[in-house]
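Secondary and tertiary structure notes
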Amino acid sequence: MSAVDHLRSVPGVTTVQATERAEALRRHEQMVLIRRFETKIDVLYRQGRVRGPAHLGMGQEAVAVGAAAALRPGDRSIGTYRGHAHALARGAPPDAVLRELLGREGGICQGKGGSMHITDVEHGYFGSYAIIGAHLPIACGMAWADQFNENGAVTVCFFGDGTTNIGAFHEALNFAAVWTLPVVFVCENNHYMEYTPIADVIAVKRPAADRAAAYGLAPIVVDGNDVDAVHAALDHAVSRARDGGGPSLVEAETYRHGGHSAADPAAYRSAEEVAQWKERDPLILHTAALVAAGVAAEEVAEIDARVGAEIDRIAAEALAAPAPDPATAWTDMWSDGSSTWRN
Ligand SMILES: Cc1ncc(C[n+]2csc(CCOP(=O)(O)OP(=O)(O)O)c2C)c(N)n1
Ligand SMILES: [Mg+2]
């Protein structure tokens, strides 16, 4: 029985309370899954087993999980190379994502994408993009199609603070505002663009929120380490978009615990700064919230142990799996499954 099922069965708890508790535990479990998954990747990367780079987002889990909780099946999300969390939060199978990174059979993109291009259309995750800002106009295109088709779907587009200095950010925001598109832009302000503090390279304090007025949008800043705060902000923005109210720009303030990529020791940050942010680790904050709401600490610890064991099992199986069949290198280059050159 999962922790969620267990809480549902606690005597004396009303259905509403049980549902709220179940949802709180579900969000916690998702954040733990992402943390355990990326911690495992970090280890495998150092062992030389990950093919290509890996950009980890330990410390930023609450953004992905809070936002995904505001979406329903049929909604779309799209992100950057720091995108494992966003794929997993929408329901991408962790073993297929891990196999993709390890270059093993069963990878979510059959080994053709790697960490920086994780895509899971089935679960509404329309890809991770390595070119800064490139996916913001793509998010507009998806939202425009949904608006045209009147299907009620909403697109959520995640990107970093540094991306707000790229032209495509401004073009996409303007386009979305002019066309009243059902899209929510979420800036994950982790305060660094690669090795540069964002504060050194912008003329305003808030990279996204202070630019919102240029597109007729409200400045929205949310604590990106508080999963419930992120959910509340996204729930509002997504509902607004679904109701024809147009785009929103949300700035979620957060911090990556590690370096820009798994290869970066992040020596450009002070130990004090990292320690301060680690005190505000989204998992620590949410554990405290759960315990304050009456969930036993053992119950929370059990989630971590169970998910950790599951990730260990997935990793062992993936490492034992063969490489993809070389013949598959020529399949699935196009959406119809082919690879024939087209002009
Ligand atoms: C068009 C383009 N220019 C430069 C780069 C190199 N680059 C990779 S990550 C990065 C920093 C992005 O910072 P941010 O948007 O804050 O995202 P974060 O990595 O913090 O999630 C840069 C400049 C790139 N990938 N694409
Ligand atoms: Mg950044």
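One can find the structure itself at the top, above this paragraph.
These lines cover the structure that appears in this document, whether it is placed above or below. (Residues numbered from 1 in each chain as written. Chains lettered and ligands numbered in written order. Predicted model: local features only at pLDDT ≥ 70, side-chain atom pairs only at ≥ 80, totals over all residues. Heavy atoms only, no water.)

**A look at the coordination of the magnesium ion (ligand 2)**
- Surrounding the magnesium ion (ligand 2) are the protein donor atoms Asp 161 (OD), Asn 190 (OD1) and Tyr 192 (O), which sit 2.1 to 2.2 Å from the metal.
- Counting along the primary sequence, the residues that act as donors to the magnesium ion (ligand 2) give the motif D-x28-N-x1-Y. Of this pair, Asp 161 sits in the loop between β3 (155-160) and α7 (167-178) while Tyr 192 sits in strand β5 (residues 192-193); the two residues are 31 residues apart in sequence, bridging distant segments of the chain.
- The class for Asp 161 is buried, based on a relative accessible area of 0%.
- What makes Tyr 192 buried here is its relative accessible area of 8%. (Donors = N, O, S within 2.8 Å, 3.2 Å for Na, K, Ca; no water. Helix = DSSP H or I, 4+ residues; strand = E, 2+ residues; numbered from the N terminus. Buried < 20%, exposed > 50% of the residue type's maximum accessible area, 1.4 Å probe, protein only.)

**Quick look at the pairing of strand β4 (residues 183-189)**
- Counting buried positions along β4 yields seven of seven residues, so the element is predominantly enclosed.
- Relative to β4, β3 runs parallel, the two being bridged by six bridges. Within β4, the position partnered with Phe 159 by the bridge is Cys 187.
- One crossover worth recording links β3 to the parallel β4 by way of α7, and it is right-handed.
- Pairing analysis gives six bridges linking β4 to strand β8 (residues 248-253), with the strands arranged parallel. Counterpart to Glu 188 in the pairing with β8 is Ala 252. (Pairing = 2+ DSSP bridges. Right-handed = clockwise from strand over helix to strand, strands pointing away.)

**Focus: unusual backbone geometry**
- Despite not being glycine, Gln 110 shows a phi value in the positive range, around 50 degrees.
- Tracing the backbone through its elements, the reader meets Gln 110 in the loop between α5 (94-102) and β2 (125-129).
- With phi around 50 degrees, Glu 194 is a residue other than glycine that occupies positive phi space.
- Following the sequence through the fold, Glu 194 ends up in the loop between β5 and β6 (196-197).

**As for the site of ligand 1**
- With respect to spatial proximity, 14 residues lie near ligand 1, and among them Tyr 81, Arg 82, Gly 162, Thr 163 and Asn 190 are the closest.
- A distance of 3.2 Å separates an oxygen atom of ligand 1 from a polar atom in the side chain of Asp 161.
- Considering ligand 1 on its own, with 580 Å² of exposed area, one finds that the protein chains cover 74% of that surface.
- Using a 2 Å cut-off from the grid points, one finds that ligand 1 occupies the second largest pocket. (Near = heavy atom within 4 Å. Polar contact = N/O pair within 3.5 Å; in protein donor to acceptor, adjacent residues only side chain to side chain. Areas by Shrake-Rupley, 256 points an atom, 1.4 Å probe, with all protein chains shown as cover. 1 Å grid on protein atoms, 1.4 Å probe; cavity = no way out; pocket = protein on both sides within 12 Å on 5 of 7 lines; lining within 4 Å. Sits in = over half its atoms within 2 Å of the grid points.)

**Structural notes on the sheet that holds β3**
- With parallel pairing, the six strands of this open sheet are ordered in space as β2-β1-β3-β4-β8-β7. One side of each edge strand has no neighbouring strand; the edge strands of this open sheet are β2 and β7 (220-223). Each adjacent strand pair in this sheet contributes to an overall mean axis angle of 20 degrees, direction not counted.
- Across three bridges, strand β1 (residues 76-80) lies against β3 in parallel orientation. (Axes fitted to C-alpha atoms, helices over the stretch in contact; angles between N-to-C directions.)

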